[in-house]
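If you want the building blocks of each chain, they are given just below.
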Amino acid sequence: GYSYAFKQYNMYSKIEKIIYELLNNSNEQIVFRPHPLDLTKKGDIKKIKSIIFRFKKYKNFTYDLSVSYLKSYKESKILITDLSSTAYTYAFSNKKPVIFFSKNENKLQNDYFSSLNYFKDRTKIGFVVSNVKNILNVIKKMKLSKSKLKRKIIKLRKERILYLGKSVKKTSKEIDAINTIKV
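Quick summary incoming for the structure in this document.

**Quick look at the environment of Arg-54**
Topologically, Arg-54 is positioned in helix 2 (residues 45-55). Those residues in contact with Arg-54 that lie beyond four places of it in its chain are Glu-16 and Tyr-20.

Here's what the structure looks like:
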(Lines give C-alpha, C1' and ligand atoms only; values in the text may rest on other atoms or scores of the structure.)
Protein backbone atom coordinates (compact mmCIF):
# COMPACT_ATOMS: atom_id res chain seq x y z
CA GLY A 1 0.00 0.00 0.00
CA TYR A 2 0.82 3.67 -0.21
CA SER A 3 3.30 4.55 2.53
CA TYR A 4 1.39 7.50 3.98
CA ALA A 5 -2.09 5.92 3.96
CA PHE A 6 -3.38 4.26 7.14
CA LYS A 7 0.05 4.29 8.78
CA GLN A 8 -1.24 2.45 11.84
CA TYR A 9 -2.19 -0.50 9.63
CA ASN A 10 0.05 -0.49 6.57
CA MET A 11 3.18 -2.61 6.29
CA TYR A 12 5.47 0.23 5.29
CA SER A 13 7.37 0.35 8.59
CA LYS A 14 8.07 -3.39 8.30
CA ILE A 15 8.74 -3.67 4.56
CA GLU A 16 12.53 -3.89 4.82
CA LYS A 17 12.34 -6.54 7.51
CA ILE A 18 9.85 -8.54 5.41
CA ILE A 19 12.06 -8.37 2.32
CA TYR A 20 15.14 -9.26 4.35
CA GLU A 21 13.48 -12.34 5.89
CA LEU A 22 12.16 -13.52 2.54
CA LEU A 23 15.50 -13.08 0.79
CA ASN A 24 17.47 -14.84 3.51
CA ASN A 25 15.06 -17.67 4.26
CA SER A 26 13.57 -18.54 0.89
CA ASN A 27 14.78 -19.60 -2.53
CA GLU A 28 11.90 -17.75 -4.14
CA GLN A 29 12.37 -14.76 -6.40
CA ILE A 30 11.19 -11.64 -4.54
CA VAL A 31 9.79 -8.80 -6.61
CA PHE A 32 9.42 -5.49 -4.80
CA ARG A 33 6.66 -3.45 -6.38
CA PRO A 34 5.99 -0.23 -4.47
CA HIS A 35 2.68 1.58 -4.61
CA PRO A 36 2.67 3.96 -7.63
CA LEU A 37 2.16 7.00 -5.39
CA ASP A 38 5.40 6.21 -3.60
CA LEU A 39 7.21 6.80 -6.87
CA THR A 40 6.03 10.41 -6.90
CA LYS A 41 6.54 13.51 -4.76
CA LYS A 42 3.41 12.55 -2.80
CA GLY A 43 5.09 9.36 -1.65
CA ASP A 44 8.42 8.35 -0.21
CA ILE A 45 10.67 7.93 -3.24
CA LYS A 46 13.77 8.22 -1.01
CA LYS A 47 12.70 5.15 0.95
CA ILE A 48 11.96 3.24 -2.26
CA LYS A 49 15.43 4.02 -3.63
CA SER A 50 16.97 3.03 -0.30
CA ILE A 51 15.18 -0.34 -0.34
CA ILE A 52 16.28 -1.04 -3.90
CA PHE A 53 19.87 -0.07 -3.12
CA ARG A 54 19.93 -2.21 0.03
CA PHE A 55 18.64 -5.40 -1.61
CA LYS A 56 19.80 -5.24 -5.22
CA LYS A 57 22.88 -7.32 -4.38
CA TYR A 58 20.66 -10.36 -3.73
CA LYS A 59 20.27 -12.68 -6.71
CA ASN A 60 16.67 -13.42 -5.84
CA PHE A 61 15.63 -9.74 -5.56
CA THR A 62 14.18 -7.65 -8.35
CA TYR A 63 11.96 -4.63 -8.39
CA ASP A 64 9.21 -3.43 -10.66
CA LEU A 65 8.65 0.30 -11.03
CA SER A 66 6.60 0.05 -14.21
CA VAL A 67 3.23 1.72 -14.57
CA SER A 68 1.43 -1.54 -15.30
CA TYR A 69 1.24 -4.32 -12.75
CA LEU A 70 0.03 -6.92 -15.26
CA LYS A 71 3.37 -8.58 -15.96
CA SER A 72 4.33 -8.81 -12.28
CA TYR A 73 0.94 -10.25 -11.39
CA LYS A 74 1.05 -12.80 -14.17
CA GLU A 75 4.57 -14.03 -13.35
CA SER A 76 4.18 -14.15 -9.58
CA LYS A 77 2.96 -16.99 -7.39
CA ILE A 78 1.62 -14.98 -4.45
CA LEU A 79 1.20 -11.37 -3.40
CA ILE A 80 2.16 -9.97 -0.02
CA THR A 81 0.35 -6.76 0.77
CA ASP A 82 -1.28 -4.93 3.64
CA LEU A 83 -4.68 -3.36 3.18
CA SER A 84 -4.26 -2.33 -0.42
CA SER A 85 -7.17 -3.07 -2.76
CA THR A 86 -4.65 -4.51 -5.20
CA ALA A 87 -5.06 -7.75 -3.23
CA TYR A 88 -8.44 -8.37 -4.81
CA THR A 89 -7.36 -7.23 -8.24
CA TYR A 90 -4.50 -9.71 -7.99
CA ALA A 91 -6.50 -12.63 -6.61
CA PHE A 92 -9.53 -12.20 -8.86
CA SER A 93 -7.58 -11.62 -12.08
CA ASN A 94 -4.98 -14.37 -11.61
CA LYS A 95 -6.73 -16.78 -9.22
CA LYS A 96 -3.64 -16.67 -7.01
CA PRO A 97 -3.52 -16.22 -3.24
CA VAL A 98 -2.60 -13.22 -1.14
CA ILE A 99 -0.84 -12.82 2.19
CA PHE A 100 -2.17 -9.83 4.09
CA PHE A 101 0.46 -8.46 6.45
CA SER A 102 -1.46 -6.88 9.30
CA LYS A 103 0.91 -5.40 11.85
CA ASN A 104 -1.95 -4.15 13.99
CA GLU A 105 -4.62 -6.85 13.53
CA ASN A 106 -6.07 -6.58 17.05
CA LYS A 107 -6.64 -2.86 16.64
CA LEU A 108 -8.04 -3.41 13.14
CA GLN A 109 -10.57 -5.93 14.48
CA ASN A 110 -11.91 -3.24 16.82
CA ASP A 111 -12.06 -0.61 14.07
CA TYR A 112 -15.01 0.01 11.75
CA PHE A 113 -12.93 -1.57 8.98
CA SER A 114 -13.53 -5.06 10.33
CA SER A 115 -17.18 -4.92 9.28
CA LEU A 116 -16.31 -4.34 5.62
CA ASN A 117 -16.36 -7.26 3.18
CA TYR A 118 -12.86 -6.27 2.17
CA PHE A 119 -11.54 -7.35 5.58
CA LYS A 120 -14.00 -10.19 6.14
CA ASP A 121 -12.98 -11.74 2.81
CA ARG A 122 -9.22 -11.75 3.36
CA THR A 123 -9.14 -15.38 4.51
CA LYS A 124 -11.16 -16.39 1.45
CA ILE A 125 -8.35 -15.35 -0.89
CA GLY A 126 -5.37 -16.06 1.33
CA PHE A 127 -4.05 -15.63 4.85
CA VAL A 128 -3.68 -12.83 7.37
CA VAL A 129 -0.26 -12.65 9.05
CA SER A 130 0.58 -10.40 11.99
CA ASN A 131 4.33 -10.86 12.20
CA VAL A 132 7.21 -11.23 9.79
CA LYS A 133 8.31 -14.69 10.92
CA ASN A 134 4.90 -16.20 10.12
CA ILE A 135 5.08 -15.14 6.49
CA LEU A 136 7.48 -17.98 5.64
CA ASN A 137 5.23 -20.56 7.33
CA VAL A 138 2.20 -19.27 5.48
CA ILE A 139 4.03 -19.43 2.14
CA LYS A 140 4.73 -23.12 2.77
CA LYS A 141 1.10 -23.68 3.75
CA MET A 142 -0.08 -21.90 0.59
CA LYS A 143 2.04 -24.13 -1.62
CA LEU A 144 0.39 -27.19 -0.09
CA SER A 145 -3.15 -25.86 -0.45
CA LYS A 146 -2.77 -24.12 -3.82
CA SER A 147 -5.76 -25.76 -5.55
CA LYS A 148 -8.03 -25.30 -2.51
CA LEU A 149 -7.16 -21.59 -2.37
CA LYS A 150 -7.80 -21.24 -6.10
CA ARG A 151 -11.30 -22.73 -5.67
CA LYS A 152 -12.02 -20.33 -2.79
CA ILE A 153 -10.87 -17.36 -4.87
CA ILE A 154 -13.04 -18.39 -7.84
CA LYS A 155 -16.05 -18.81 -5.55
CA LEU A 156 -15.57 -15.40 -3.93
CA ARG A 157 -14.97 -13.75 -7.29
CA LYS A 158 -18.36 -15.05 -8.49
CA GLU A 159 -20.00 -13.69 -5.34
CA ARG A 160 -18.40 -10.25 -5.46
CA ILE A 161 -18.22 -9.37 -9.16
CA LEU A 162 -21.53 -8.57 -10.77
CA TYR A 163 -21.87 -9.65 -14.39
CA LEU A 164 -18.61 -11.61 -14.33
CA GLY A 165 -17.84 -12.53 -17.95
CA LYS A 166 -20.94 -10.65 -19.12
CA SER A 167 -19.85 -7.03 -18.79
CA VAL A 168 -19.86 -6.25 -22.53
CA LYS A 169 -23.38 -7.64 -22.91
CA LYS A 170 -24.59 -5.75 -19.82
CA THR A 171 -22.98 -2.47 -20.93
CA SER A 172 -24.52 -2.81 -24.39
CA LYS A 173 -27.93 -3.47 -22.82
CA GLU A 174 -27.60 -0.38 -20.60
CA ILE A 175 -26.59 1.82 -23.55
CA ASP A 176 -29.57 0.53 -25.53
CA ALA A 177 -31.82 1.39 -22.57
CA ILE A 178 -30.44 4.93 -22.48
CA ASN A 179 -30.97 5.32 -26.23
CA THR A 180 -34.65 4.35 -25.91
CA ILE A 181 -35.40 6.99 -23.27
CA LYS A 182 -37.61 9.72 -24.71
CA VAL A 183 -36.84 13.25 -23.68
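**Things to note about the packing of aromatic side chains**
Aromatic rings considered in pairs are described by the distance between their centres and by the relative angle of their planes. Across all of its chains, the model carries 7 aromatic pairs by this definition. Seen in terms of ring centroids, Phe-61 and Tyr-63 are 6.5 Å apart; in terms of plane orientation they differ by 40°. Their pairing is tilted. Relative to Phe-100, the ring of Tyr-88 lies with its centre 6.2 Å away and its plane at 40°, an arrangement referred to as tilted. Note that Tyr-88 is positioned in helix 4 (residues 86-94) and Phe-100 in strand 4 (residues 98-101), a separation of 12 residues in sequence. Accessibility classification places Tyr-88 together with Phe-100 in one group, the buried group. One aromatic cluster is present, formed by Phe-55, Tyr-58, Phe-61 and Tyr-63 through successive ring pairs.

**Some points on the environment of Lys-141**
With respect to the helices and strands, Lys-141 occurs in helix 8 (residues 132-144). Sequence separation between Lys-141 and Phe-127 is 14 residues; the distance between their C-alpha atoms is 9.6 Å.

**Let's talk about the pattern of salt bridges**
According to the stated counting rule, one finds 9 salt bridges in the structure shown. Across the pair Glu-28 and Lys-77 runs a salt bridge whose closest N-O atoms are separated by 3.2 Å. Of this pair, Glu-28 sits in the loop between helix 1 (15-25) and strand 1 (30-32) while Lys-77 sits in the loop between helix 3 (70-75) and strand 3 (79-81), and the two are 49 residues apart along the sequence. Residue Glu-28 is joined to Lys-143 by a salt bridge in which the shortest nitrogen-to-oxygen separation is 2.6 Å. Taken together, the residues span a long stretch of sequence, with Glu-28 in the loop between helix 1 and strand 1 and Lys-143 in helix 8 at a distance of 115 residues. Take Glu-28: its relative accessible area is 21%, and that puts it in the partly exposed class. With a relative accessible area of 49%, Lys-143 lands in the partly exposed category.

**What about the packing of helix 1 against helix 8?**
Packing of helix 1 against helix 8 brings their axes to within 9 Å, and their N-to-C directions diverge by 45°. On the basis of the axis angle, helix 1 is oblique to helix 8. The hand of the helix 1/helix 8 crossing is right-handed. Of the residues in helix 8, those touching helix 1 at Lys-17, Ile-18, Glu-21, Leu-22 and Asn-25 are Val-132, Lys-133, Ile-135, Leu-136 and Ile-139. By residue class, the composition of the contact of helix 1 with helix 8 is 6 nonpolar, 1 polar and 3 charged.

**Some details on helix 2**
Looking only at helix 2, the buried set comprises Ile-48, Ile-51, Ile-52 and Phe-55. With its buried residues spanning 95° around the axis, helix 2 presents them on a single face. Seen from the buried face of helix 2, the exposed residues on the opposite side, beyond 90 degrees, are Lys-46, Lys-49 and Phe-53. In the core, the buried residues of helix 2 are packed alongside helix 1, strand 1 and strand 2 (61-63).

**Here's the deal with the sheet that holds strand 5 (residues 126-129)**
Strand order in the open sheet made by the 3 strands is 3-4-5, with parallel pairing throughout. The open sheet has two edge strands with one neighbour each: strand 3 and strand 5. Averaged over neighbouring strand pairs, the angle between their axes works out to 20° when direction is ignored. Inspection of the sheet shows strand 4 paired to strand 5 by 4 bridges, in the parallel sense. Note that in strand 5 the partner of Ile-99 across the bridge is Phe-127.

**Let's talk about unusual backbone geometry**
One non-glycine residue, Lys-95, lies in the positive phi region at around 55°. Residue class for Lys-95 comes out partly exposed when judged on its relative accessible area of 30%.

About the cut-offs
Residues numbered from 1 in each chain as written. Predicted model: local features only at pLDDT ≥ 70, side-chain atom pairs only at ≥ 80, totals over all residues. Heavy atoms only, no water. Helix = DSSP H or I, 4+ residues; strand = E, 2+ residues; numbered from the N terminus. Contact = heavy atoms within 4.5 Å. Phe/Tyr/Trp six-rings, centres within 6.5 Å; stacked < 30°, edge-to-face > 60°. Buried < 20%, exposed > 50% of the residue type's maximum accessible area, 1.4 Å probe, protein only. Salt bridge = Lys/Arg side-chain N within 4 Å of Asp/Glu carboxyl O. Axes fitted to C-alpha atoms, helices over the stretch in contact; angles between N-to-C directions. Parallel < 35°, antiparallel > 145°, perpendicular 65-115°, else oblique. Left-handed = near helix turned anticlockwise from the far one by under 90°. Nonpolar A, V, L, I, M, F, W, Y, C, P; charged D, E, K, R; others polar. Arc of directions from axis to C-beta. Pairing = 2+ DSSP bridges.

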